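The chain contents come next:
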Amino acid sequence: MSILRSFGSFALEVRDDGVAIVTFSRPPVNAVSLSVYEDIGRFADHVAGDDTIRSIVITAPESARAWCGGADLHEFKDMTIEKRKERYRFINEQLPRFHKIDRPMIAAIRGATIGVGVMLAGMCDLRVASERAKFACPEVDYGLVGGSAGMFAMLKMPEAKVREMVYTGRTFTARELESTGFFNYVVPDAAVLPLALDLAGEIARKSLPALRARKLASLMQEGPEWMEAYLEAQEMSSALVERPESGAAVLAALERGKLRKKR
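So, here's what we can say about the structure. (Residues numbered from 1 in each chain as written. Predicted model: local features only at pLDDT ≥ 70, side-chain atom pairs only at ≥ 80, totals over all residues. Heavy atoms only, no water.)

A few words now on the environment of Ala-210. Here Ala-210 lies in helix α8 (residues 208-222). A residue is classified by how much of its surface remains accessible, and Ala-210, at 43% relative accessible area, is partly exposed. (Helix = DSSP H or I, 4+ residues; strand = E, 2+ residues; numbered from the N terminus. Buried < 20%, exposed > 50% of the residue type's maximum accessible area, 1.4 Å probe, protein only.)

Written as structure tokens, this is what we have:
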């Protein structure tokens, strides 16, 4: 028998074997708003106190357009330096709580994963992606500095590919990125969730104290450098947010979204 709980945009189902299935659903594109960051913090707090959870699979509804569509651009309209700094003071309290969850986390990615979505996927321990899933770090297109590069470096992705992603803002399929080592498996779409659940089930059969200790040891081995680089990138981005090209890019993206809805 499974237990179902809700944390805003996240539905948590815990199976009898200790596998927790977390479904992120915020239509239409699973964009990350401040409320979603708050949900992330509440979810992390719950896991810390729930010893029935041994491993976690993070997925999105099969019908979702994205696993995570990046930041909610509606919250970037008329952004100022002070507003952005205040925004990221809150965000920077939530993301480390997600990263420090002391159970193994598996990202089961079937849709687009953009901006902060790439970072959330990188914070997971394992990644299983559809060969058609798309990934991008498009912050440069909004005149801003993304925070994923430090995390990519920590994961030892090839530096040339990291710089191509963050300088061009281009979209890549999981198959195109497979050689970077970012994924454990790149498989057909229908195989993503079953494979992620199989991995989670295998992990969940291990000792809970050992799993928690192993996760904490892995976090210690990573070191704090990538998070420090992320925080520095946010400071640099705040200084850019009032430039006219940034605001124009946000408005253009929102307009494109309206046109897609009408079709």
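Still more to cover.
Glancing now at the sheet that holds strand β4 (residues 55-59). Spatial strand order, β1-β2-β3-β4-β6-β8-β11: seven strands in an open sheet with mixed pairing. The sheet is open, and its two borders are formed by β1 (3-7) and β11 (185-187), each paired with just one other strand. This sheet shows a mean twist of 20° between the axes of neighbouring strands, independent of strand direction. Strand direction decides the pairing type here: strand β3 (residues 19-24) and β4, joined by five bridges, are parallel. Considered in β4, the bridge of Ala-20 is made with Ile-56. (Pairing = 2+ DSSP bridges. Axes fitted to C-alpha atoms, helices over the stretch in contact; angles between N-to-C directions.)

What follows covers the packing of aromatic side chains. Geometrically, a pair of aromatic rings is defined through the distance of the ring centres and the angle of the planes. One pass over the structure, following the stated rule, counts six aromatic pairs. Centre to centre, the rings of Phe-182 and Phe-183 are 5.2 Å apart; their planes meet at 75°, and the pair counts as edge-to-face. Here the two residues Phe-182 and Phe-183 agree in accessibility, since each one is buried. Ring pairing ties together the aromatic residues Phe-135, Phe-152, Phe-182 and Phe-183, which thus form one cluster. (Phe/Tyr/Trp six-rings, centres within 6.5 Å; stacked < 30°, edge-to-face > 60°.)

The subject of this paragraph is unusual backbone geometry. A cis amide bond links Pro-27 with the next residue in sequence, Pro-28, at an omega value of 5°. Mapped onto the secondary structure, Pro-28 falls in the loop between β3 and α1 (34-48). For Asn-30, which is not glycine, the phi torsion reads 55° and is therefore positive. Take Asn-30: it is sitting in the loop between β3 and α1.

Overall, mixed pairing links the four strands, which are arranged β5-β7-β9-β10 in an open sheet. In the strand order of this sheet, the two ends are held by β5 (66-68) and β10 (171-173), each with one partner. Strand-to-strand twist of the sheet, defined as the mean angle between neighbouring strand axes without regard to direction, takes the value 25°. For strand β9 (residues 134-136) and β10, the ladder comprises three bridges, and the chain directions are antiparallel. The residue of β10 that forms the bridge with Phe-135 is Phe-172.

With that settled, consider α1. The end-to-end C-alpha distance of α1 is 22 Å, a good match for the 21 Å that 15 residues give at a rise of 1.5 Å each. Within the span of α1, buried status applies to Val-36, Tyr-37, Asp-39, Ile-40, Gly-41, Phe-43, Ala-44, His-46 and Val-47. Packing partners of the buried residues in α1 comprise β1, β2 (10-14), β3, β4, α2 (81-99) and α3 (116-123). (Expected span 1.5 Å × (residues − 1). Contact = heavy atoms within 4.5 Å.)

A few words on the pairing of β3. Within β3, five of the six residues are buried, which leaves it mostly tucked inside the rest of the structure. Pairing analysis gives five bridges linking β2 to β3, with the strands arranged antiparallel. Each bridged residue has a counterpart across the sheet, and for Phe-10 the counterpart in β3 is Phe-24. Adjacent in sequence and paired antiparallel, β2 and β3 are bridged by four residues, among which Gly-18 carries a positive phi angle near 90°. Tracing the backbone out of β3, into α1 and back to the parallel element β4 gives a crossover that is right-handed. (Right-handed = clockwise from strand over helix to strand, strands pointing away.)

Between its first and last C-alpha atoms helix α7 (residues 192-204) spans 18 Å; for 13 residues at 1.5 Å apiece the expected length is 18 Å, and the two agree. Where α7 is buried, its residues contact β3, β4, β6 (105-109), β8 (126-130), β11 and α8.

A few words now on the nonpolar core. For soluble globular proteins, the rule of thumb is that nonpolar side chains tend to be buried together. By size, the foremost hydrophobic cluster in this structure holds 56 residues, and its most contacted members are Phe-43, Ile-56, Trp-67, Phe-98, Phe-135, Phe-152 and Phe-182. Ile-106, Ala-108, Val-192 and Leu-211 belong to the second largest nonpolar core, which has 16 residues in total. (Core = buried A, V, L, I, M, F, W, Y, C linked by side-chain atoms within 4.5 Å.)

Bringing the pattern of salt bridges into the picture now. A full pass over the atoms with the stated rule returns 15 salt bridges. Between Asp-51 and Arg-212 there is a salt bridge; the shortest N-O distance is 2.9 Å. On the criterion of sequence distance, the pair formed by Asp-51 in the loop between α1 and β4 and Arg-212 in helix α8 is long-range, its members being 161 residues apart. The residue Arg-175 makes a salt bridge to Glu-131 at a minimum N-O spacing of 2.6 Å. Here the residue Arg-175 occupies a position in helix α6 (residues 174-177), and Glu-131 occupies one in the loop between β8 and β9, the gap between them amounting to 44 residues. Given the relative accessible area of 36%, Arg-175 is considered partly exposed. In the salt-bridge network here, residues are joined through shared partners; they are Asp-51, Asp-102, Arg-103 and Arg-212. (Salt bridge = Lys/Arg side-chain N within 4 Å of Asp/Glu carboxyl O.)

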